[in-house]
Amino acid sequence: MPASPRRVVIADDEPSLRKVLSSLLRREGYDVQEARDGEEALALLNSDVAVLITDLRMPKLDGMQLFRRAISEYPDLKVIIFTAYGRITESVEAVKLGAFDFVEKGTDNEHVLQVVRKAVASYELDLRAPRKPQGQIPPQLGRYGLVGTAPALQKVFSLIDKVADTPSTVLIIGESGTGKELVARALHEHSSRKNESFIRINCAAIPKTLMESELFGHEKGAFTGAVHSKPGRFELADRGTLFLDEIGELAVEMQVKLLRVLQESEFERVGGIKTLRVDVRVIAATNRDLVKEAAQGNFREELYYRLNVVPIQLPPLRERLQDIPLLVSHFVSRFNERLRKTVSGLSDDAMAALLRYPFPGNIRELENIIERTVVLAEGPVIELRDLPPNVAQTAGAQLPPPPRMSQPQTPSSRPPATSLKEIVRQETERVEREMIQRALSETQGNVTQAARHLGISRK
């Protein structure tokens, strides 16, 4: 049962089915609303609804029309297609277009609950993930939906350019909140597969007992609740792209089966004997150190090497200080439009606090901070007092001293920063200095190797 009730809308023109399904979900603790047709369901939707369960055949607005309009207006919404036997093809097509899953009428209650639980878990994970970009980002501010001009981000852009239109497997590595899904979508949308399916599965949101069926599908009678055969995510992604998010959460026993598919492009459904072949481009993402996980026996070394054909490392926000003002401006504009506000920007003190804050949640955390402050700001400019206390208190903190160096340094005689431009410059210099010293330490003082590691010139 969810810790806090999640809203679910059920759209079906059969009163008895709505009543049974509503009763089942309410007993699980969900906040359920019912709709007799597509138009009524659309009127019930808002940004607080986590899941929409809809029939395909309904008056006024059928299920497919409702689905398309719902995900267009509410991208985070998870749509489950409730379908009668014989309409599986249409349901599979809906999943390829972005529906979360489909459930056949007559399926036992436990299976229905499992699908809804997965949908809610995925919805909650997506709420903590970076939002999909709205509108075009000016070229001078970034590319591929990623805002920033830092050298480390330019390296990411270059890698996307080179590998997007190839069949090579890509492993995206980065801390939570750095934009891994945005990179995965960019790889798909700038490839020759862009008109085919982009299927995403979050390995952290699927129970281990259901993962095999989720990836490879199942045949009728394969287990309790398997009333009919069902394709898995690999089948749905055929000729397209499969994005395996949080791959480090995958159970070891499933890693063996995934490795076989990656190597041979074939598999069997759970309970099946027929071997199926697919053409799928796989992109994986993780916030874990898979080399360390492999050394500890938690991740198969051969799978790591199979996934790590082209690694893309996303830098944390604390290593992209020069991008913070750009991101702030981008988010303020977005939330002004979404929330009908007229915030013009941040004061110098507020920006200085953001530049000194370490951002453990990276861009996702910055986005949440800006949304909160745009909502609560009392004037046209976000002041230091408008920021969350844990962020605002960094404004008065002393900057950490630079690391000890092997060569003597001349103490800096710079006056304290008094303008936003000077604050950004000083903070960027501080981070660059620390990264260079760390790289020199790791390479035992070899300047050439340190420069190569950082992607900068030897000078």
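For the structure, check the block above.
Everything quoted here is computed from the prediction, not taken from an experiment.

Asker: Which residues make up the overall build of the chain, and what are the values?
Answerer: Regarding its fold elements, the chain presents 18 helices and 16 strands. When each of the 459 residues of the chain is scored for burial, the buried share is 49%. Within the chain, counting contacts between residues at least 6 apart in sequence, those at least 24 apart form 70% of the total. As displayed, the chain has an accessible area near 22,600 Å², and 49% of this comes from carbon and sulfur atoms.

Asker: Can you explain the environment of Val9? Please cite residues and give values.
Answerer: Tracing the backbone shows Val9 in strand S1 (residues 7-11). Assessed through its relative accessible area of 0%, Val9 is described here as buried. Along the sequence, Val9 and Val32 sit 23 residues apart, while their C-alpha atoms lie 5.8 Å from each other. Once residues within four sequence positions are removed from consideration, Val9 is found in contact with Gln33, Ala41, Leu44, Leu45, Val49, Val51, Leu52 and Ile53.

Asker: Explain the sheet that holds S1 to me, using residue names and the numbers behind them.
Answerer: An order of S2-S1-S3-S4-S5 is seen for the 5 strands of this open sheet, with the pairing classed as parallel. Strands with a single pairing partner mark the edges of an open sheet, and in this sheet they are strand S2 (31-35) and strand S5 (101-104). If you compare each strand with its neighbour and ignore which way they point, the axes differ by 20° on average. Across 4 bridges, the pairing between strand S4 (residues 78-83) and S5 is parallel. Directly across from Thr83, in S5, lies its bridge partner Glu104. The strands that helix H3 (residues 63-73) touches are S1, strand S3 (49-55) and S4; relative to S3, the one it contacts most, it runs at about 165°.

Asker: Explain the packing of aromatic side chains to me, using residue names and the numbers behind them.
Answerer: Each pair of aromatic rings is reported with the distance of its centres and the angle of its planes. By the definition in use, this model includes 8 aromatic pairs. Clustering of aromatic rings is evident, with ring pairs tying together Phe216, Phe234 and Phe267. Lys230 extends its terminal NZ or CZ atom over the ring of Phe102, reaching a point 5.2 Å from the ring centre. The ring of Phe100 carries the charged tip of Arg233 above its face, separated from the ring centre by 5.8 Å.

Asker: Outline the side chain of Asp323, supporting the account with residue identities and numerical values.
Answerer: Inspection of the secondary structure puts Asp323 in the loop between strand S14 (310-313) and helix H13 (324-339). The exposure class of Asp323 is buried, given its relative accessible area of 0%. Of the polar contacts made by the side chain of Asp323, one reaches the backbone nitrogen of Thr149; its length is 2.7 Å. Within the structure, the side chain of Asp323 is placed 3.3 Å from the backbone nitrogen of Ala150, a separation counted as a polar contact. Not counting residues within four places of it along the chain, the set of residues in contact with Asp323 comprises Val147, Gly148, Thr149, Ala150 and Leu153.

Asker: Run through the pairing of strand S13 (residues 281-286), naming residues and quoting values.
Answerer: Most of S13 is tucked away, with 6 of its 6 residues classed as buried. Burial along S13 is two-sided: Arg281, Ile283 and Ala285 and Val282, Ala284 and Thr286, pointing in opposite directions, are all buried. When strand S8 (residues 170-173) meets S13, the two strands line up parallel, connected through 4 bridges. Bridge pairing in S13 links Val170 to Ile283. Where strand S10 (residues 241-245) lies against S13, 4 bridges are found, and the strand directions are parallel. When the sheet's bridge partners are listed, Thr241 is paired in S13 with Arg281.

Asker: Go over the pairing of S3 with me, naming the residues and quoting the values.
Answerer: Of all the 7 residues making up S3, 7 are buried; the element is thus mostly covered by neighbouring parts of the structure. As judged from the 5 bridges shared by S1 and S3, these two strands associate in the parallel manner. Residue pairing across strands places Ile10 opposite Ile53, the latter belonging to S3. Between the parallel elements S3 and S4, the chain passes through H3 in a crossover that is right-handed.

Asker: Account for the environment of Leu259, with residues named and values stated.
Answerer: By secondary structure assignment, the location of Leu259 is in helix H10 (residues 252-264). By relative accessible area, which is 9% here, Leu259 ends up buried. Considered as a pair, Leu259 and Glu302 are 43 residues apart in the sequence and their alpha carbons are 7.9 Å apart. Ignoring any residue separated from it by four or fewer positions in sequence, one finds Leu259 in contact with Glu302, Leu303 and Arg306.

Asker: Explain the packing of helix H1 (residues 15-27) against helix H5 (residues 109-127) to me, using residue names and the numbers behind them.
Answerer: Between H1 and H5, whose axes approach to 11 Å, the crossing angle comes to 65°. For the pair H1 and H5, the crossing hand works out as right-handed. The segment H1 lies against H5, with Leu21, Leu24 and Leu25 engaging Asn109, Val112, Leu113 and Val116. Along the lines of polarity and charge, the residues of the contact of H1 with H5 split into 6 nonpolar, 1 polar and no charged.

The rules behind the values
- Residues numbered from 1 in each chain as written.
- Predicted model: local features only at pLDDT ≥ 70, side-chain atom pairs only at ≥ 80, totals over all residues.
- Heavy atoms only, no water.
- Helix = DSSP H or I, 4+ residues; strand = E, 2+ residues; numbered from the N terminus.
- Buried < 20%, exposed > 50% of the residue type's maximum accessible area, 1.4 Å probe, protein only.
- Contact = heavy atoms within 4.5 Å.
- Areas by Shrake-Rupley, 256 points an atom, 1.4 Å probe, with all protein chains shown as cover.
- Pairing = 2+ DSSP bridges.
- Axes fitted to C-alpha atoms, helices over the stretch in contact; angles between N-to-C directions.
- Phe/Tyr/Trp six-rings, centres within 6.5 Å; stacked < 30°, edge-to-face > 60°.
- Lys NZ or Arg CZ within 6 Å of the ring centre and 35° of its normal.
- Polar contact = N/O pair within 3.5 Å; in protein donor to acceptor, adjacent residues only side chain to side chain.
- Right-handed = clockwise from strand over helix to strand, strands pointing away.
- Left-handed = near helix turned anticlockwise from the far one by under 90°.
- Nonpolar A, V, L, I, M, F, W, Y, C, P; charged D, E, K, R; others polar.

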